[in-house]
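Here's the letter readout for the chains.
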Amino acid sequence: MSSLLYSLSQAANFYPASELFLRHRLQVVEELWESVLRQECGQNMVDLLRQLRDLCSPEGQATNDQADSAVKLIEQLNINEAIRAARAFALYFQLINIIEQEFEQRQQLARYSEVETELVHQETHTNTTYSSNQKEDDAIVHRGIETEWLATSWVAKGPGKQKGTFSTLFPLLFRLNVPPQQIQRLISQLDVRLVFTAHPTEIVRHTIRDKQRQVVNLLQKLDAVENRSDSTVGGYPWESAELREKLLEEIRLWWRTDELHQFKPTVLDEVDYALHYFQEVLFDGIPQLYKRLKYALGQTFAWLEPPSKNFCSFGSWVGSDRDGNPSVTPETTWKTACYQRKMVLQRYIQSVKQLIELLSVSMHWSDVLPDLLESLELDQSHLSEVYDALALRYRQEPYRLKLSYVLRRLENTRDRNLALYNRETPKNEDLPMYRSGAEFLAELRLIYRNLTETGLSCRELENLIAQVEIFDFNLTQLDIRQESSRHSDALNEILEYLQVLPQSYDELSEEQRVAWLTGELQTRRPLIPAELPFSEKTNDVIETFRILRSLQQEFGVNICQTYIISMCRQVSDVLEVLLLAKEARLFDPAVAVGTIQVVPLFETVEDLQRSRSVMRQLFELPLYRALLAGGYAADMGMRGQEGQDRISPSSPLTLNLQEVMLGYSDSNKDSGFLSSNWEIHKAQKSLQKIAEEYGVNLRIFHGRGGSVGRGGGPAYEAILAQPGHSINGRIKITEQGEVLASKYSLLDLALYNLETITTAVIQASLLRTGFDDIEPWNEIMEELAARSRQHYRNLIYEQPDFIDFFHQVTPIEEISQLQISSRPARRPSGKKDLSSLRAIPWVFSWTQTRFLLPSWYGIGTALQEFLNEEPEEHLKLFSYFYLKWPFFKMVISKAEMTLAKVDIQMAHHYVQELSNPEDKARFEKVFEQIANEFYLTRDLVLKITGHNRLLDGDPILQRSVQLRNGTIVPLGFIQVSLLKRLRQSRNPNATSGVIHSRYSKGELLRGALLTINGIAAGMRNTG
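The notes below deal with the structure included here. Everything quoted here is computed from the prediction, not taken from an experiment. (Residues numbered from 1 in each chain as written. Predicted model: local features only at pLDDT ≥ 70, side-chain atom pairs only at ≥ 80, totals over all residues. Heavy atoms only, no water.)

**Description of a nonpolar patch on the surface**
Step number 1: A cluster of nonpolar side chains, Tyr 497, Leu 498 and Val 500, forms an exposed patch at the surface whose accessible area comes to about 250 Å².
Step number 2: Tracing the chain through its elements places Leu 498 in helix H18 (residues 484–498). (Patch = residues over 30% accessible without salt bridge, like charges linked within 9 Å, V, L, I, M, F, W, Y side chains within 5 Å. Areas by Shrake-Rupley, 256 points an atom, 1.4 Å probe, with all protein chains shown as cover. Salt bridge = Lys/Arg side-chain N within 4 Å of Asp/Glu carboxyl O. Helix = DSSP H or I, 4+ residues; strand = E, 2+ residues; numbered from the N terminus.)

Printed below as a string of C-alpha cells:
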C-alpha cells in the first residue's frame, strides 16, 4: 500500500541508509494511520488529506501559488470535515513523535554499546600510560584555550559520537591529566536538581498519554517479533500480523477518544500528571543512573569514591507554585505533599512484598547475625499481631519475618497519611509506623548488612535502598514561589492594622525599608496575631508560611525548604520573606538559624543587571550572613575559612549555600533572545564573583522553558555554554510540563537525558575554557546584545500597530480558552497588554503561526550592523566565535533550530486572512518588518555556520523538522479557516472575506482548539 506521507518522505530523501529501521517503522505506522482513517472516515477523507498535503513545497513550506487553492478547498469544508482533517493530522504528529522517541531510545542504546566496546579496547593502553599525577592533591592543570576546545570537541566526536555520557567523560578527564583529587572533590559535592513545573501543563490529555504508551508497548513487541524472524531462531508470521491488528485497534480507540480536556484541570490533576513520570519511569530508573556513573568512574579512576546515590534529585513546583495562580492554596500544597508520600509509600509497599517472596533464606542453611535477631525480638513486642499470624510460617525464615514487620509499619504509615490527606485526625497514632524515611532506611540497611556479612547479595534490596536514599518519603522537594509585591502588600496591610509605623510601609524608601526590616528581624516579638483580621490575599500569604511550617513538622525540612521570590528587584524583597518566615517560626532571630532558603528570582533585564548589587547588599548584612552560615555562632567560627558544603548540628540546611534563580522567559519577552541570554550569562559570572568574594557557595537555578524562546533547547550544550565558575558541581533546572513526555516517557531516553545533564555539569566544572574571560569578545557581545535589544523593543514595544497585530494575527485569545492549565494566561492586572501577558502564551502564539518570533528576532540586525563596520574581518570573527566560544555557538545553534521551524509564507497567510479589512495595510508593514529580519537572520546564520541549509550540522534534527513541516502546513490552513469563522461569528467585521457559517461558536471554538493541539504536537512544544 502506498502511504501518503511515507511516499513523500521517500521523495524528499529524509533518511540516510543508517536509519532504515526508522524508515521502516514510519511506513508501518503511516499505513496503520491511513487504514484507521479509511475505516473511520472513508476514502474521501484520505483523498482530502492527500490534496491538502500536496499543497506545500517538498521542503515542507507553504507557497504563495498554492495558498489560494488551499484556502478554497478548506473553506468549502463543513465543520465536521474540518475537525476530522485537523484530528487526522494531529494523530499523525503524535504517532511520528512516538516513532522518533522509540528510535532515539534504540539509537542511544546502540551508541552506548559502541562506546563500551571501544573503551574495552582502550583499557590496556589507558592503564599503562596513566600520568604520574594520579595521587596529586590540588595541582593546577595548565591547559591552553586550544586544549580546552579540543577537549570539548573530543566529547562531541569521540567513540560512537556519543557525547554527554559518563563513559566518554572520565577517559577524557584522564587524558587531560585532571588531578583525581579535583575530580573527587567535585563528585563528592555533585548536586543536580531537576524541578518539574506545571506551566505550561501538557497540552495532551493524560488519557491520550496512556494510549500512546500502549502503542509504544505494541511497537516494541513488534520489534522483538521481527528481530526474531530475522534471526536463526525464527518467528511465526501470525505473531507480526496479530500485533499489527492490535496496533490498528489501539489507534482506532485513540481516534475515538477526545483530545481536549473536558474540564479545566485542577492543581491536583496537574500533580497527578507530573507524578505520572515518576510512577512509570523515574522511580525505577533513577537508581540505574547511579550505577552508570559508578561503573564508568571505576573503569578509569578505580580508587575514587562515587557520589552519594541522591546526587541527582527532583523538585516540583506543581501544587506549590502560587505565582499568579490563585488555585494554589495552602490546603492544596498540603494535599500535594500527602499525595506524593502516598505514591512513594505504595511503591515501597510493593517492593517489600516482592522482597518477602524473594528472601526465603532459612536459618537451617544460613547464619543470622545477632543484631537481626535482636531486632526481631523488639518487633515482636511492638507488633504482636504480626508475630501471632506469621511466626509459625516464617519461624525459620528471619528475613521474611523481619520484612513482614517492615510491611506492617509501612501500611500503618500509609493509613495515617491518608487520614492527613483528608484532614482527618489519624486514628491509633501510637501504632508502630515510620515517622521518616530515615527510620525505614535503617531497617533496610540492617537487612542488607546481615545479607552481605553472611555472603549473600540482593539486587532488588539494593535498588530499594537507593530509591529510599533518593526519594525518601517525599518523592520530590516542593518549592514555594510567590511574586514579590504580594509580600510587600501583605506587610503594608499588617503594619497599617497594627499602627506600628508613623507612615505607610508602601511610602518608605528602599533604604528605610531595609533598616526597619533588619531591626524587626532581630527581635522575637511577634508581629502577626494568631487570628487574622486581614484581607483574603494577605491572609493567604500568612497561611502559606504557616502551612510551610506544618509541612516541615510533619514531613521533615526536606519536603519544602526553598522559597522563591519572583520579580525580585531589591534587598527588601528578600528581607520581607525572611520576616514573614520569622513570624511562622521558620527563622529564629536570636540565633539566626532558619529552616528555609530564600531564593531571589531575577527575571527582567533590569533585574538581572541589578542582581549583583542586591546580592552584595545582602551579603553585607550580618544577620543574613549568619543565616547562611548556620547561625551567629557558626558564622563566627567560619570567619577566615573557605566555605564548604557541610551541615551544622543547629541548622538543617546546607551551610554557606546561596541559591539564586535566573529567569529566561520574562527576560526574553522583555528584550529578545540574544540580549536575554547575554544578560543571564553576565549575571552568572558577576554573581559567582561576588559569592567567592564573601566566601559563599552559589547554586544557580535556571528557569528554562520548553521552547527556545523561553530558554529551552538541548541541555548538554546549554550547560557547557555557562561560565564554568558558576556551576562548580551544582545546578538546578526547571523541567517544563511540555517537555516531560519527550524526555521522561521512555526509560532509556530519561536516563540518557539525566546522564547528559550530569556529564555536562562535571565537564563544565572541571574543564573551563576561559573564552568567557576574553574582554574584547565580551565587549563585542555587549554591543551585539544592545543592538539586538533595541531592534527587538522597537518592534514589540514601540511599533504602534504591533499589539493590534499580535491579537488579530495570532490565536492568543483562543489559546487562553484551552483547558490546559490551572493557571491564568495573564497576570491579574485586568489589562490585555503585553506586560500582563505571561511568557508561556506569548511564545505559544508565535509558535502556532510559524513566526517563532521570540526565538530569533533582533539577532540578524545586530550581526549585520557589526558586519557593516568590517564585512570580511567581522564575518571571520563570527565564524571563529562559532567554532571556539561555547556561549556564542549555543546562541547561534538555538537560533538556527528555530529558524528551521519558521514558515514565513504560512505566517503571512495568517496576516492576510485574520486581519480586519481596515487593518490590513498597516499590518502588512509590520509583517514586512518581521519578514525582512527573518531573511536577514537566516542568511547570516548560514554564513556564520558555513551551512548550505539550516541544520546541515544536525541531520537528525533536520530530518525531524522537515518531516513535520510539510504536514503542519495544511493544518495551519485549517486553523486559519476556523479562526476566521469563529471570529466572524463573534463580530461580522472582525475578519476579511465572507464565510457564511451555520455552526455555533462552541463548535467553531472546538475546531480551532483541536488545530492548536495538532500544531503543538507537530512543533513538539507549546510555550
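**Focus: the environment of Ile 465**
Step number 1: For Ile 465, the position within the fold is in helix H17 (residues 459–471).
Step number 2: Spatially, the C-alpha atoms of Ile 465 and Glu 443 are 9.9 Å apart, while their sequence positions differ by 22 residues.
Step number 3: Once you skip the residues sitting within four places of it in the chain, Ile 465 turns out to touch Leu 441, Leu 444, Arg 445 and Tyr 448. (Contact = heavy atoms within 4.5 Å.)

**Describing the side chain of Ser 313**
Step number 1: Tracing the chain through its elements places Ser 313 in strand S2 (residues 312–316).
Step number 2: Its relative accessible area of 15% is what places Ser 313 among the buried residues. (Buried < 20%, exposed > 50% of the residue type's maximum accessible area, 1.4 Å probe, protein only.)

**Quick word on the pattern of salt bridges**
Step number 1: Applying the stated rule across the entire model yields 60 salt bridges.
Step number 2: The salt bridge involving Asp 321 is made with Arg 481; its shortest N-O contact spans 2.9 Å. Here Arg 481 lies in strand S3 (residues 477–483) and Asp 321 lies in the loop between S2 and helix H12 (330–358), a separation of 160 residues in the sequence.
Step number 3: Judged by relative accessible area, Arg 481 falls into the buried class, the value being 5%.
Step number 4: Of the charged contacts in the structure, one is a salt bridge between Asp 607 and Arg 610, with a shortest N-O distance of 2.7 Å. Residue Asp 607 and its partner Arg 610 are both found in helix H22 (residues 605–620); the two are separated by three residues, about one turn of the helix.
Step number 5: Taking the relative accessible area as the measure of exposure, Asp 607 reaches 1% and is therefore buried.

**A word on the sheet that holds strand S10 (residues 730–735)**
Pairing between sheet strands relies on hydrogen bonds along the backbone, with the strands arranged either parallel or antiparallel.
Step number 1: Strands sit in the order S1-S2-S3-S4-S7-S8-S9-S10 around a closed barrel of eight strands; the barrel is parallel. Strand-to-strand twist of the sheet, defined as the mean angle between neighbouring strand axes without regard to direction, takes the value 25 degrees.
Step number 2: Sheet topology places S2 next to S3; two bridges connect them, and they run parallel. Paired with Ser 316 across the bridge in S3 is Leu 478.
Step number 3: Sitting on the sheet, helix H11 (residues 267–300) touches strand S1 (191–196) and S2, and the angle it makes with S2 is about 165 degrees. (Pairing = 2+ DSSP bridges. Axes fitted to C-alpha atoms, helices over the stretch in contact; angles between N-to-C directions.)

**What about the packing of H12 against helix H20 (residues 536–555)?**
The angle between the axes and the distance between the axes are what describe a pair of packed helices.
Step number 1: Between H12 and H20, the shortest axis-to-axis distance is 8 Å and the interhelical angle comes to 20 degrees. By the angle between their directions, the pair H12 and H20 is classed as roughly parallel. Seen along the crossing, H12 lies across H20 with a hand that is right-handed. Within the contact between the two elements, H12 uses Pro 330, Thr 333, Trp 334, Ala 337, Cys 338 and Arg 341 and H20 uses Asp 540, Glu 543, Thr 544, Ile 547, Ser 550, Leu 551, Glu 554 and Phe 555.
Step number 2: Within the contact of H12 with H20, the residues separate by chemical class into seven nonpolar, three polar and four charged. (Parallel < 35°, antiparallel > 145°, perpendicular 65-115°, else oblique. Left-handed = near helix turned anticlockwise from the far one by under 90°. Nonpolar A, V, L, I, M, F, W, Y, C, P; charged D, E, K, R; others polar.)

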